[in-house]
Each structure stands twice: as C-alpha cells, then as structure tokens.
Amino acid sequence: MKLHIFILVFLFLIPAVLAAISKYLLRSVIALLVCSVGLTLLLFNLNAPLAGVFELSVCSGLISVLFINIISLTQPLSGDEEVSKVKNHYQRFLALPFLIIFIGIILWFNQDSLFGTLVIQKVSENATVGEILWRTRGLDLIGQVIILLVGVYGIVTLFRRGKSNE
Amino acid sequence: MNNFFGIDFITVILVICIGLYTLLLAKNMIRMLIGYELMTKGVTLAFISAGNANGRIALSQTLVITMIVVEVVSIATALAIVMLIQKKNHSLNIRKLTNLKG
Amino acid sequence: MLLAFIFVPLLGAAIMPIIRKIWAKGSTWIMTLVSFYLVVTTGWIAYQNFLSSQKLVLTEWLLGQKLALSVDGLSLIALAAIGLVSLVTAIYSAGYSLDPDRRPGYNALLLLIVAGMNGLVMSTDLFSLYVFLEIVSLVAYILIAYQNDVEGLEGSFKYFMLSSVATVFLLLGTTLLFAITGSVSFIDLAAGIKSGNIIVQLGFVSVIFAFLVKAGMIPFHAWLPDAYTAAPSPVSILLAGIVTKICGVYTLMRVVLAVFGFTKSFSLMLLLIGAISVVLGAFLAFGQKNFKRMLAFSSISQIGYMMMGFATGSPLGLIGAAFHFFNHAVFKSLLFINAGAVEQATGTRNFDELGGLAGKMPVTGVTSIIGMLSTAGIPPLAGFWSKLIIIIALWQGGYHSYALIAVFASVITLGYLLSLQHSVFFGKVKQGLEEVHEVKPVFYWPAIIMASITVCCGIFFWFIIPKLILPVSSLLGSMLK
C-alpha cells in the first residue's frame, strides 16, 4: 500500500537531483519538467486534483517554456564558452546526491520524534475550492490582480527601449 | 495517515535542500533560478500534504493556486532581469557580476 | 474605507496606459494626488479615532464573509509613513530625468508598490501577508533595475536571490503552522499553536529567519547596500525610507505580536542580532566612500535599534520601536533625498570628489544637517526621543549592557555622519565644483517637507507620543490576555 507513495516520491526527487547536477541547462530544464510531472502525480495522490492541474499546466508547461525561451535567447552568444569554463562542475555537485541520501536517512530514522508526537486536529470541511477562494480569500484575489499588473508593467517597462538609450 | 505526512515532509525538506544547494553553488544565473523553482515545488507539496493531514484540503488548494500565480510572475520577472544582464555583460556567470563592491 | 487604501492606487495604476495616450504628464500628477490622498485619509482616521481616545481597531469585512482587513495603532503608523514617503518620492521623481516614454510605467509601478504595502500593513493572515510581501519585493526588483544599467541589474538580481530564499522559508513556516492549526489567519494561528511542540518551533524559526533576511539584519545584509546604491535616486528614497522596513521590521513585529508572542529565548536572540547590526552597521558605515552606501549601512544600524527596542517585549520598548520606525522613514528618506540632490548637482556621490557644498547648496546643506542630527539622536529632534525611549526600555528590562551598546553606537553614528557632513558640505570647495548651484525646487521641497516633519515631531513629542504612538502598546496588552 505504501509502495506507490515511494515510487512517486522518487519520481519527484530523482529528477530534482538531475536538474541540479546536469551540466547542460537544457537538460536541467527538462529534468525540472519531469520533476513537476512527478509532483503533479503526488498531488493527485493526496486528493488535490485542482492544484495538480495547475501545477501541471503552469509549472511544467509555462515555466518550462519560459526557461527554454530564455536559454535559447541567451545561449547563442555564450553557449560553448559557458560549458567549457565550468570544468569543475561535476566536482561541485558530486556531493549533492550523497548529501541528500544522508539527510534522507537521518530524517527517516528520526521521523517518530519529529512527526510521531504530532497532534493534528482534523477539521471537516464542506466548502469547495471555488467557494473558499471567492468567499474567504478575497484579499488574495486582489493580490493576484495586483501581481499580474506588476508583471505586465514590469516586463513592459524593463524591455521598452526609450529614445535616450539608443 | 500520519505516516504519510511524515514521508511527505521528509520529501519537502530534501527538495528544499537540493534547491538551496543549487542556489548556493551554481555559477550560472539560470541554474540559480532552477534551484529557486525546485524550492517552490517543495513548498507546494508541503501545503497540500499539510491540508491532506488536517482535512482542509480545499483551503490548501486555494492557497497553492494563488502561490503558483505569484511564483510564475516572479520567475518571469527574474528571467527578464537575467536576460538583460546577459545582454549587458555577455555572460551568465554570477561571479562576473562584481560591479558593486565595498 | 480601508479598501480604498488598496483600490485607489490600484485604479491609478490600471488607468496609466490610457492616461499615457491622452495626457503625457498626467502619470506624475496621478501618482502625486494618490499619495496625497493616502496621507490625508490616514490623518483623518487618526483624527477620528485617537482624539476620541478610543482603542483603535478598524476592521472591514470583504464580500460579506470574513475578516479581511484591519488597522490598529501599529498599522496606522506604518500607513502614515508609507503615505509620506510615497508623496515625497512622487514629488522627487517628477523632476528626475526619466525617459518620457517609460515614465507612465514607472509611475504605475510606484502606485502598485504603494498598494502592495498598504495591503501588507492591513492584512490579517499569514498567507495574504506573503502575497503582498511578494508584490512589494517584485516591484522593488523591477524598480532597482529600472535604468537598465549593469549596477542596477546586479543589485536587483542579488536582492531577488536572497529574498527568494526568505520567501521560501516564510512559506515553509506557514505550511508547518497551517498543518498544526488548519488555518492561516492570525487569530486562529495564535489559538492553535499553544502546544509548543517541535513543528511549531520550526515554523516559528523559519518565519522569523525570513523576516530577518528581508529586513537586512547583519548576517543576512549582503543585498541591502548593493540594492540601495544601484537603484535610481527616487527609488532608493522609497526603498530605504519604507520598503525594507515594511517588508522586514513591520512584518516581524506584526507576526510576533499577533501570533507567537514573546519568549525569553526569542527576546535574547533578537537583542543579540539587533545589537550586532547596530554596532557593525555603524562601523561598516565608517569605511564607506560612497554617499548612498554609507547611508545604506546606517540604515542597517537603525533597523538594529528598532529590533532591540521591540525585543524587550515591554510596552515602552514597543512604543520606542514604533516611533523609531516612523522617524526612520522620515529622516532616512530625507538623507537619501539629499544624496540624490548632491548627485544631481555634481554628478558624483564619491566623497573624495565632493566638498564645500554647504555654501553652494544652502537648502540641501541645512536639511541634511537636520536629518543627520535626527539620525544620530541629538535633542530636540525626533530621532532623539525614539532612541531615548528604546534605551530606557532596554535599561528597565534589565538589559543594561545592551542599553550601553545602544548609547555607544549612537556616538559612532554621530561620528560617521559628522565625517560625511565634513567631507561633503563643509571644508574647501573641491576642484570642478565651482559651478555647482542649488538644485531645482522640485528636488529640495521634499527635503524641506521631511525636515520640518522631523523638527515638528521632535518639538511636539509631548503631544505626539501620548496621542499617536501610545495606542500601539495596547497591542501588547491584548496579546497577553
């Protein structure tokens, strides 16, 4: 019964490590995408389908596209140079998998002292996501509107070339 | 159910460690942003597993949706800044970014 | 009423693209009018509530359901500071040379950061606090990088990286607390975390860590001088005057007051970090050759004072911290206005190339002396009273050595600010500065406004402290019950 949880967790963690240690940025981004898909499966498994869909469409879709765009826009100028320069790349990141395994083992054997005594009062909840979002999280919605405006104005002003700059 | 919460939180801590490690040791600015992205994925999982554990899964989903919107905008802005730096500096290496000192 | 604090700037920002087409100079006017409106509304709320000697807690229900916004004494002080600093920033940037094509976008971003800060100050749950904190930081990154120069972009990216780590830790802490209590609003969190188990401790530590990074306290201060120095002058006024204080200091105060409460170990930790920031910030400021960079380190040192005052956990310390919060917003933005004016007039901010400007720029010289004396805590200016209250609170709380450190750091502050004055405004006129004259009125009027507020707060402290600052201490009382 527990096994599928472990499979999903590893589907989430291994691409994350790969995204960190891969030498080529494009491979890192693809690993990030796979990691995001793994996270989506975990979210589905935790009864959060809506958040899972958001994660799948926005994080693994939109953000990967953004990353790949930026990489393709910046690499032609400095691609080979960047790769040849970071010779000791694997040396710096070699410690990461061992560190992660080490921390994982420590946490695994201490989880009773961390989470075992945890008293979580269960709250029963009848409202759906939409009701909660519209009825009680109004301030967050205003915040989302503001942050979307910030994004639009920010990107526009950052990239607008004025006359004096030319 | 309690045990699942434990497994999920161990995963969260591990992913945040991976992200932090990447953020601290990477030289490439885009890779630093990938580290940041990994950390936010960890936080997403943390929210949902917390909601699953205490029964308020709908609330945690609304929070995660808001969080994803916020993170996308901030990643997009950061990528725009990285691109402008690359245009000026002709390098993505953070170690070459040393104009401000003191 | 309270919703207007968010919606009026938001509307102003939303109509910018239309204004840009029909009225070229309209964007600056809208920014100025909106911030003036905010100052007036804050004053009106203060007048209505404090002068009728009621305990101020204004709340507003949003969409008919749950408590969404609230204003109490501490938020009102923060709102007043936000309004004032954004007003002078608006006036200052009206004269600052920006590309006319990009000016509406710039003003829209200023309005959005004001909306974000107002929302942050009035929010009543930890997650809304995160959303607004992210809005404020995001606009700050964009505005620092606004001129598209390498320094600005670099400062912006460093700020982004450090503050994104802070954001992740804030969210992690939120999830841990949410797991225990099943809610994110301050009231439910405070009720739910009574059992002090290890998860609550972890959540507490990561939330506080996030705010300390955002405030730029000493071990985590690397981004702050870079960001302040690299930003365009009006943006650095806004950043130094209010943004980092709202993002770090106010949020920390709010979360500790509303949710966690004081414990002995937390007080000691915050006192230690505050003392390190006060002393090291002052010493680091001594070595700087750059006007803005010195002020940035001075800012770190002053934030340390607020943290020390707050850490005592006594009503007096809270009053001192809140008053210093307001005073710091006034005098630090005044000093940054002066720095910007000097840079406008001479084209440099390096001390080695400056000297003898007092005769050439009388208004800037006089206002900067006022700002400097207030920073150093010289009576009868406002900074003296707030520092005095903090030091008395430290002494009364039994932290004698910390009180002595605070007095000692005040002397260092006076020292480096005197050396700043000496090398910029007094002494012989340096070569190449003979032609310098006073800047345009639009650059020195903000300085005059801020200097007169500092002087008034100092002289009328007997009116201001009991009427406007004292209600803050009731927050502590409600928390202890």
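Going along each chain's sequence as written, the residues are numbered from 1 onward. By the order in which they are written, chains take letters starting at A while ligands take numbers starting at 1. Note on the predicted model: pLDDT of at least 70 is required for a residue's local features to be given, and 80 or more for side-chain atom pairs to be given and counted; whole-chain, interface and lining totals, by contrast, use all residues. Side-chain metrics rest on all non-hydrogen atoms present in the structure, leaving aside hydrogens and water.

Caption draft 1: Fine view of the overall build of chain A. Looking only at helices and strands, chain A features seven helices and zero strands. Counting from the amino terminus, chain A carries its helices and strands in the arrangement α-α-α-α-α-α-α. Residue burial is assigned from relative accessible area. The probe radius is 1.4 Å, only protein chains are included, and a residue is buried under 20% of its type maximum, exposed over 50%, and partly exposed in between. Relative to its 166 residues, chain A shows a buried fraction of 45%. For chain A, restricting intrachain contacts to residue pairs at least 6 apart in sequence, the fraction spanning at least 24 positions comes to 59%. Exposure was quantified through the Shrake-Rupley algorithm and a 1.4 Å probe, taking into account, for residues, occlusion by the shown protein chains and nothing else. With the model as given, the accessible surface of chain A reaches about 8,800 Å², and the carbon-plus-sulfur share is 71%. We count a stretch as a helix when DSSP gives it H or I for four or more residues in a row; a strand needs E for two or more, and each element gets its number in order from the N terminus. Note on definitions: a residue-residue contact is assigned when non-hydrogen atoms from the two residues lie within 4.5 Å.

Caption draft 2: Quick look at the overall build of chain B. Tallying secondary structure elements over chain B gives three helices and zero strands in all. Throughout, radius of gyration means the C-alpha value; the globule benchmark is 2.2 Å times the number of residues raised to the power 0.38. Taken over the C-alpha trace, chain B has a radius of gyration of 17 Å; the compact-globule value for 102 residues is 13 Å, which it surpasses by more than 25%. By its C-alpha atoms, chain B is 50 × 25 × 25 Å across when sized along the principal axes. By residue count, 78% of the 102 residues in chain B fall in the buried class. By sequence separation, contacts in chain B at least 24 residues apart represent 59% of the contacts at least 6 residues apart. As displayed, chain B offers around 2,300 Å² of accessible surface, 58% of which is attributable to carbon and sulfur atoms.

Caption draft 3: Here's a closer look at the environment of Gln302(C). Residue placement: Gln302(C) occurs in helix α13 (residues 291-311). In the structure, Gln302(C) is positioned 202 residues away from Pro100(C) in sequence and 36 Å away in space, judged by C-alpha atoms.

Caption draft 4: Looking closely at the packing of helix α2 (residues 29-54) of chain B against helix α3 (residues 57-89) of chain B. Residue and element names in this part refer to chain B. Under this scheme, a helix contributes an axis fitted over its contacting stretch, all axes are lines through C-alpha atoms, and angles between N-to-C directions fall in the 0 to 180 degree range. Following both chains from N to C, one finds α2 and α3 inclined at 175°, their axes separated by 9 Å at the closest point. Overall, the two elements α2 and α3 adopt an arrangement that is roughly antiparallel. For this scheme, ten residues count as nonpolar: Ala, Val, Leu, Ile, Met, Phe, Trp, Tyr, Cys and Pro. Four count as charged, namely Asp, Glu, Lys and Arg, and the remainder, Gly too, count as polar. Class assignment of the residues belonging to the contact of α2 with α3 gives a composition of 16 nonpolar, seven polar and two charged. If an angle is under 35 degrees, it is roughly parallel; if it is over 145, roughly antiparallel; if it lies from 65 to 115, roughly perpendicular; otherwise it is oblique.

Caption draft 5: Broad picture of the interface of chain B and chain C. Listed per partner, the contact involves 42 residues of chain B and 36 residues of chain C. Buried area between chain B and chain C, both sides added, is near 3,400 Å², and the carbon and sulfur share of it is 81%. In what follows, salt bridge is the name for a side-chain nitrogen of Lys or Arg lying within 4 Å of a carboxyl oxygen of Asp or Glu. The tally of links from chain B across to chain C stands at zero salt bridges. We define a polar contact as two N or O atoms separated by no more than 3.5 Å, with the added condition that, inside protein, one atom must be a possible hydrogen donor and the other a possible acceptor, whereas residues neighbouring each other in sequence contribute only through side-chain atom pairs. In this structure, the connection of chain B to chain C is made through five residue pairs in polar contact (both at pLDDT 80 or more). Among the secondary structure elements, those contributing two or more residues to the side of chain B that touches chain C are α1 (2-25), α2 and α3 of chain B. If you tally residues by element for the side of chain B that touches chain C, the top one is α3(B), at 17 residues. Class assignment of the residues belonging to the side of chain B that touches chain C gives a composition of 28 nonpolar, 10 polar and four charged. Accessible area that two parts lose when put together, with a 1.4 Å probe and added across both, is what the buried area reports.

Caption draft 6: Just the confidence of the model for chain A, in detail. Each residue carries a pLDDT score, the predictor's confidence in it, ranging from 0 to 100. Looking at chain A as a whole, its pLDDT mean stands at 81, while 83% of the residues score no less than 70. For chain A, per-element mean pLDDT is lowest for helix α5 (residues 111-116) of chain A, which scores 70, and highest for helix α2 (residues 25-45) of chain A, which scores 91.

Caption draft 7: Quick look at the pattern of salt bridges. In the structure shown here, the tally under the stated rule is 10 salt bridges over all chains. In this structure, Arg137(A) engages Asp140(A) in a salt bridge whose closest nitrogen and oxygen atoms are separated by 2.9 Å. Each member of the pair, Arg137(A) together with Asp140(A), is buried. With a shortest N-O distance of 3.7 Å, Lys41(B) and Glu37(B) are connected by a salt bridge. Of this pair, Lys41(B) and Glu37(B) both sit in helix α2, separated by four residues, roughly a single helical turn.

Caption draft 8: Examining unusual backbone geometry more closely. Between Pro379(C) and Pro380(C) the backbone carries a cis peptide bond, its omega angle lying at 5°. As for its placement among the helices and strands, Pro380(C) is situated in the loop between α15 (362-376) and α16 (382-396). You will see that Asn47(A), though not glycine, has its phi angle at about 65°, which is positive. In this structure, Asn148(C) takes a positive phi of about 60° despite not being glycine.

Caption draft 9: Representation of the nonpolar core in the model. In terms of nonpolar packing, the biggest core is built from 287 residues, with Phe67(A), Ile146(A), Ile242(C) and Ile246(C) touching the most fellow members. Per element, the largest residue contribution to this core is 21 residues, and it comes from α3(B). In this view, Ile146(A) contacts Ile6(C), Leu10(C), Leu112(C), Ala115(C), Phe132(C) and Ile135(C); residues no more than four positions away in its chain are not counted. What is meant by a nonpolar core is a set of buried Ala, Val, Leu, Ile, Met, Phe, Trp, Tyr and Cys residues, joined one to another through side-chain atoms within 4.5 Å.

Caption draft 10: Examining the packing of helix α10 (residues 223-230) of chain C against helix α11 (residues 233-260) of chain C more closely. Residues and elements named next belong to chain C. Taken N-terminus to C-terminus, the directions of α10 and α11 make an angle of 145°; their axes are 8 Å apart at the nearest point. Once α10 is placed against α11, the crossing between them reads as right-handed. For the pair α10 and α11, contact is made by Trp223, Ala227 and Tyr228 and by Ser236, Leu239, Ala240, Thr244 and Lys245, respectively. Within the contact of α10 with α11, the residues separate by chemical class into five nonpolar, two polar and one charged. By the definition used in this description, the sense in which the near helix is turned from the far one sets the handedness, with an anticlockwise turn below a right angle giving left-handed and a clockwise turn giving right-handed.

Caption draft 11: Structural context of the interface of chain A and chain B. The partner chain B presents 65 residues to the 81 residues of chain A that form the contact. Of the roughly 6,900 Å² buried at the junction of chain A and chain B (both faces included), carbon and sulfur atoms supply 76%. Across the chain A-chain B interface, the total number found is one salt bridge. The residue Lys41(B) makes a salt bridge to Glu55(A) at a minimum N-O spacing of 3.3 Å. In this assembly, chain A and chain B are joined by 10 residue pairs in polar contact (both at pLDDT 80 or more).

Caption draft 12: Fine view of α16(C). With 15 residues, α16(C) ought to run about 21 Å at 1.5 Å a step, and its terminal C-alpha atoms sit 22 Å apart, in line with that. Once α16(C) finishes, Gly398(C) follows within two positions and takes phi at roughly 90°, a positive value. Helix span, as expected, comes to 1.5 Å for every residue beyond the first.

Caption draft 13: Region of interest: helix α17 (residues 400-424) of chain C. Residues and elements named next belong to chain C. For α17, built from 25 residues, the straight-helix expectation of 36 Å at 1.5 Å per residue is met to within 8% by its first-to-last C-alpha distance of 36 Å. Among all positions in α17, only Tyr402, Ala403, Ala406, Ala409, Ser410, Ile412, Thr413, Tyr416, Leu417, Leu420, Gln421 and Val424 are buried. Taken together, the buried residues of α17 touch α12 (264-286), α13, α14 (315-346), α15 and α16.

Caption draft 14: Representation of the side chain of Ser36(A) within the structure. Secondary-structure assignment places Ser36(A) in helix α2. At 3.5 Å, the side chain of Ser36(A) forms a polar contact with the side chain of Lys41(B). The residues touching Ser36(A), leaving out its near neighbours within four places in the chain, are Glu55(A), Cys59(A), Ser60(A) and Lys41(B).

Caption draft 15: Just a nonpolar patch on the surface, in detail. Residue and element names in this part refer to chain A. A cluster of nonpolar side chains, contributed by Leu11, Leu33, Val37, Leu41, Phe44, Val53 and Leu56, occupies part of the molecular surface with about 510 Å² of accessible area. Ranked by residue count, the leading element in the nonpolar patch is α2, at four residues. Turning to its location among the elements, Leu56 is positioned in helix α3 (residues 49-85). Residue Leu56 is classed as partly exposed on the basis of its relative accessible area of 38%. Here, patches come from residues exposed beyond 30% relative accessible area and free of salt bridges, joined within 9 Å for like charges and within 5 Å for nonpolar side chains (Val, Leu, Ile, Met, Phe, Trp, Tyr).

Caption draft 16: Spatial organisation of the packing of aromatic side chains. Only rings of Phe, Tyr and Trp enter the pairing, Trp through its six-membered ring, and a pair is recorded when the two centres are within 6.5 Å. The plane angle decides the type: under 30 degrees is stacked, over 60 is edge-to-face, the rest tilted. Applying the stated criterion across every chain yields a total of 25 aromatic pairs over all chains. With 5.2 Å between their ring centres and 55° between their planes, Tyr106(C) and Tyr146(C) make a pair best called tilted. Of this pair, Tyr106(C) sits in helix α5 (residues 103-122) while Tyr146(C) sits in the loop between α6 (126-144) and α7 (150-181), placing them 40 residues apart in sequence. For the pair shown, Tyr106(C) and Tyr146(C) are each scored as buried. Centroid distance Phe384(C) to Trp385(C): 4.9 Å. Interplanar angle 70°. Geometry classified as edge-to-face. Of the residues examined, Trp385(C) reaches a relative accessible area of 18% and is grouped as buried. Within the aromatic cluster, the residues linked to one another by ring pairs are Tyr36(B), Tyr141(C), Tyr159(C), Phe160(C) and Trp223(C). Charge-over-ring placement is defined geometrically: NZ (Lys) or CZ (Arg) within 6 Å of the ring centre, and within 35 degrees of the ring normal. Seen from the ring of Tyr146(C), Arg102(C) lies directly overhead, with NZ or CZ sitting 4.6 Å from the centre.

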